[in-house]
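# Fold and contact review
Residue strings, one per chain:
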Amino acid sequence: MADHFWIGTVSTAWGTIGNWSATSGGLTHGTVPTNADNAIFDVADASNCTTGIADTCLNLTCTGYIGTLTISATFTIAGDFTAGAGMTLAGVSAITCVGAWTNHASMTYTYTGAISFTAQSGTKVITTAGKTWGGNVTIGNATSGTTVFQLVDDLIGLSNKILFLLGGTFDRNNKNISFGTFSSTNSNVRRLIPGSGTFTITGSTGTLWNITTSTNFTMDAGTWTLIFDITSTNLKTMQSGGLTYNDIQLTGSSTGGVAIAGGPTLRDILVDTPPKT
């Protein structure tokens, strides 16, 4: 494992060997980070960087960096991501992160690609720092059974995006979530710890809460509220997986309804005005 510092002396391309140094602000050392090497963007260089095909690193640390990092091809972070206060994270291509994720409250976040968290063990924390996530987010995979993915703060996504739980334990840590759709319909070992707070579904149509297949899925009861924010007259569907929920609330500016399927056990259903069904 080695540290590689971004110096950007040749171009904006991550994969160009002349753009990396063994020291902060140093001369090029003729190699690029691998998935066993740390990539460091710091105060010594503010030039922009754009990822390309097969680019990767171990830990990606951007403390002090004030340039723009654009994800323009599928990118893998084999360790942790730590954002810098003055940086911009941009682009549309997918990111796989095997470690923890830490946004910074003062960063600019225009990135709209999908993010997948794929750790295989331990506890990995996710810090959003108040940024709205512009793409789908996937928690775990088929081999993440013992991993805990834990929120540090609220997780907010766009109303047309999906939050997937594919494997492992997703611990909301009593934080609030807002996403268009939640989907966990597979047979992988997975667990949702709702805790308290709210889990708001903001999509406009279709199956917006999808646990059609609940095999190997467990969900703690908690004191949380599952909210459907109804902004259209379309009928939405909740595939409950036959699980036990606390409260379900129908709210929003329109009069649409939610079809609850799968035979769940509920503590209460709360219906706001205008009338919903």
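The coordinates are above.
Okay, so let's go over this structure. (Residues numbered from 1 in each chain as written. Predicted model: local features only at pLDDT ≥ 70, side-chain atom pairs only at ≥ 80, totals over all residues. Heavy atoms only, no water.)

## Some points on the pattern of salt bridges
By the definition in use, this model includes two salt bridges. Between Asp 220 and Arg 191 there is a salt bridge; the shortest N-O distance is 2.8 Å. With Asp 220 in the loop between β27 (217-219) and β28 (225-229) and Arg 191 in strand β24 (residues 190-193), this pair connects stretches of sequence that are 29 residues apart. According to the relative accessible area criterion, Asp 220 is partly exposed, its value standing at 26%. A salt bridge links Arg 267 to Asp 247, with the nearest nitrogen and oxygen atoms 2.8 Å apart. Linking Arg 267 in the loop between β31 (258-261) and β32 (268-271) with Asp 247 in strand β30 (residues 247-251), this pair joins segments that are 20 residues apart in sequence. In this structure Arg 267 comes out as exposed when scored by relative accessible area, which is 58%. Asp 247 gets classed as buried once you look at its relative accessible area, which sits at 8%. (Salt bridge = Lys/Arg side-chain N within 4 Å of Asp/Glu carboxyl O. Helix = DSSP H or I, 4+ residues; strand = E, 2+ residues; numbered from the N terminus. Buried < 20%, exposed > 50% of the residue type's maximum accessible area, 1.4 Å probe, protein only.)

## Quick look at the packing of aromatic side chains
To describe a pair of aromatic rings, one takes the distance between the centres and the angle between the planes. On inspection of all chains with the given rule, the structure shows 20 aromatic pairs. With a centroid separation of 5.0 Å and an interplanar angle of 65 degrees, the aromatic rings of Trp 14 and Trp 20 are classed as edge-to-face. Grouping residues by exposure puts Trp 14 and Trp 20 together as buried. Seen from their ring centres, Trp 14 and Phe 75 are 5.0 Å apart, and the 70 degrees between their planes marks the pair as edge-to-face. In this pair, Trp 14 sits in the loop between β1 (3-6) and β2 (20-21) while Phe 75 sits in strand β8 (residues 75-77), placing the two residues 61 residues apart along the sequence. (Phe/Tyr/Trp six-rings, centres within 6.5 Å; stacked < 30°, edge-to-face > 60°.)

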